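Inside the fold
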Amino acid sequence: MTTGRRTLLGGLLLAAATVGAWFAWLGWDSGYTVDPETGAISGPYAVWQVAGCVLTLAVIAAVGAWWLSPWLVAPVMTVAFTVTWAVHAASTDDTGLWAVGAVLVLIGMAAGSTVVALVARRIRRRTGRGSTR
């Protein structure tokens, strides 16, 4: 397989896995919970959902960087997750604050996927299991 074809296919699979992680962990939950005693509102996601999503995304970034350039992994994952999250948030938010959340998701995804991808690539190089791309 040529490098260009591998990069394109890898990027598409990476984007699909990233969007799939959002749907699996966060995409199905849009309800808020109101504490009857305090009136405090929480949601739409529970801590366990976000933790599961973050761990899944970390695995996707690590596996992706094992086979692809970290400089492809980080932007593909960042854009795929942020766009998916923002489209859903914009469609369910009446306040307009979804845009602030989208910026925070963008920053978090960019930082997290870059760090995980670079660490995974460094581990691959140290174990001698890959080329020095």
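Here's what I pulled together on the structure shown here. These figures come from a predicted structure and were not determined experimentally.

So, about the overall build of the protein chain. For the protein chain, the count of helices and strands is four helices and two strands. Element order for the protein chain, N to C, with α for helix and β for strand: α-β-β-α-α-α. Viewed in the frame of its principal axes, the protein chain has a C-alpha envelope of about 60 × 25 × 20 Å. Out of the 133 residues in the protein chain, the part that is buried amounts to 31%. Intrachain contacts of the protein chain at a sequence separation of at least 6 include 66% that bridge at least 24 residues. Summed over its atoms, the accessible surface of the protein chain is roughly 8200 Å², and 70% of this surface lies on carbon and sulfur atoms. Taking the 9 positively charged and 5 negatively charged side chains of the protein chain as two groups, their mean positions are separated by 44 Å.

Take the packing of aromatic side chains next. In total, this model carries three aromatic pairs according to the counting rule given. Ring geometry for Trp 28 versus Trp 48: centroids 6.3 Å apart, planes at 35°, classification tilted. Of this pair, Trp 28 sits in the loop between α1 (3-27) and β1 (33-34) while Trp 48 is found in helix α2 (residues 47-67), placing the two residues 20 residues apart along the sequence. It is Arg 124 that lies over the ring of Trp 67; its NZ or CZ is 5.5 Å from the centre.

About the cut-offs
- Residues numbered from 1 in each chain as written.
- Predicted model: local features only at pLDDT ≥ 70, side-chain atom pairs only at ≥ 80, totals over all residues.
- Heavy atoms only, no water.
- Helix = DSSP H or I, 4+ residues; strand = E, 2+ residues; numbered from the N terminus.
- Buried < 20%, exposed > 50% of the residue type's maximum accessible area, 1.4 Å probe, protein only.
- Contact = heavy atoms within 4.5 Å.
- Areas by Shrake-Rupley, 256 points an atom, 1.4 Å probe, with all protein chains shown as cover.
- Lys, Arg positive; Asp, Glu negative; His and termini not counted.
- Charge placed at Lys NZ, Arg CZ, Asp CG, Glu CD.
- Phe/Tyr/Trp six-rings, centres within 6.5 Å; stacked < 30°, edge-to-face > 60°.
- Lys NZ or Arg CZ within 6 Å of the ring centre and 35° of its normal.

So, to be careful, I would describe these as geometric facts and stop short of saying anything about function.
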